[in-house]
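Each chain, written out:
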Amino acid sequence: MRFLTNVLVDTILFVAISGFFPANFYVASVGIAFVAAVVLAVLNWLVRPIITILSLPINLLTLGLFTFVINGLMLELTATIVGANFRFSSFWVAIGVAILMSAVSWIIAEYFRKS
């Protein structure tokens, strides 16, 4: 159930963020956003733990801020897998979208946790 909830929230966030920043972040349709959310969830489940362990020293040196770079990397990898219908104009935009998605996801999770 949590997997499906995360995928649906990410789908909505992809569509919303691409609507706010159309020149920097492109999503062709809601279907592509859903596919990208599923790919991102699978990457976060399979690849992210390995990258997090390998980058532990730099993550400790930056007091956890390198996590945003890892999130941006996961989004860039998602864009590479999904294809031309889901893309970022630069890696910095991917990091910005990752920060925005993390903040909004945290707010949504806190809202439903209190309910």
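Residues numbered from 1 in each chain as written. Predicted model: local features only at pLDDT ≥ 70, side-chain atom pairs only at ≥ 80, totals over all residues. Heavy atoms only, no water.

### Considerations on a nonpolar patch on the surface
- On the surface, a nonpolar cluster with roughly 450 Å² of combined accessible area is contributed by Phe3, Val42, Trp45 and Leu46.
- Here the nonpolar patch takes 3 residues from helix H2 (residues 30–46), the largest share from any one element.
- Note on Trp45: relative accessible area 66%, which makes it exposed. (Patch = residues over 30% accessible without salt bridge, like charges linked within 9 Å, V, L, I, M, F, W, Y side chains within 5 Å. Areas by Shrake-Rupley, 256 points an atom, 1.4 Å probe, with all protein chains shown as cover. Salt bridge = Lys/Arg side-chain N within 4 Å of Asp/Glu carboxyl O. Helix = DSSP H or I, 4+ residues; strand = E, 2+ residues; numbered from the N terminus. Buried < 20%, exposed > 50% of the residue type's maximum accessible area, 1.4 Å probe, protein only.)

### Examining helix H5 (residues 66–82)
- The end-to-end C-alpha separation of H5 is 24 Å, in line with the 24 Å expected for 17 residues at 1.5 Å each.
- At its buried positions, H5 is contacted by helix H1 (2–20), H2, helix H3 (48–54), helix H4 (56–61), strand E2 (86–88) and helix H6 (91–114).
- Gly83, located one to two residues past H5, shows a positive phi value of around 115 degrees. (Expected span 1.5 Å × (residues − 1). Contact = heavy atoms within 4.5 Å.)

### A short note on the environment of Val42
- For Val42, the position within the fold is in helix H2.
- On the accessibility criterion, Val42 (35% relative accessible area) is partly exposed.
- C-alpha separation for the pair Val42 and Phe3, spaced 39 residues apart in sequence, amounts to 9.6 Å.

### Topic: the pattern of salt bridges
- For the coordinates displayed, the defined rule picks out 1 salt bridge.
- Across the pair Glu110 and Arg113 runs a salt bridge, and its minimum N-O distance is 3.1 Å. Taken together, the residues Glu110 and Arg113, both in helix H6 and 3 residues apart, mark about one turn of the helix.
- When its relative accessible area of 23% is taken as the criterion, Glu110 is described as partly exposed.

### Overview of H6
- The terminal C-alpha atoms of H6 lie 35 Å apart, and with 24 residues this matches the ideal 34 Å at 1.5 Å per residue to within 8%.
- Restricting attention to buried positions, one finds in H6 the residues Val93, Ala94, Ile95, Val97, Ala98 and Met101.

### Some remarks on the packing of H5 against H6
- With their axes 8 Å apart at the nearest point, H5 and H6 run at an angle of 110 degrees to one another. The pairing of H5 with H6 is recorded here as roughly perpendicular in orientation. In contact with Phe68, Val69, Asn71, Gly72, Leu73, Leu75 and Glu76 of H5, H6 contributes Phe91, Ala94, Ile95, Val97, Ala98, Ile99, Met101 and Ser102.
- Class assignment of the residues belonging to the contact of H5 with H6 gives a composition of 11 nonpolar, 3 polar and 1 charged. (Axes fitted to C-alpha atoms, helices over the stretch in contact; angles between N-to-C directions. Parallel < 35°, antiparallel > 145°, perpendicular 65-115°, else oblique. Nonpolar A, V, L, I, M, F, W, Y, C, P; charged D, E, K, R; others polar.)

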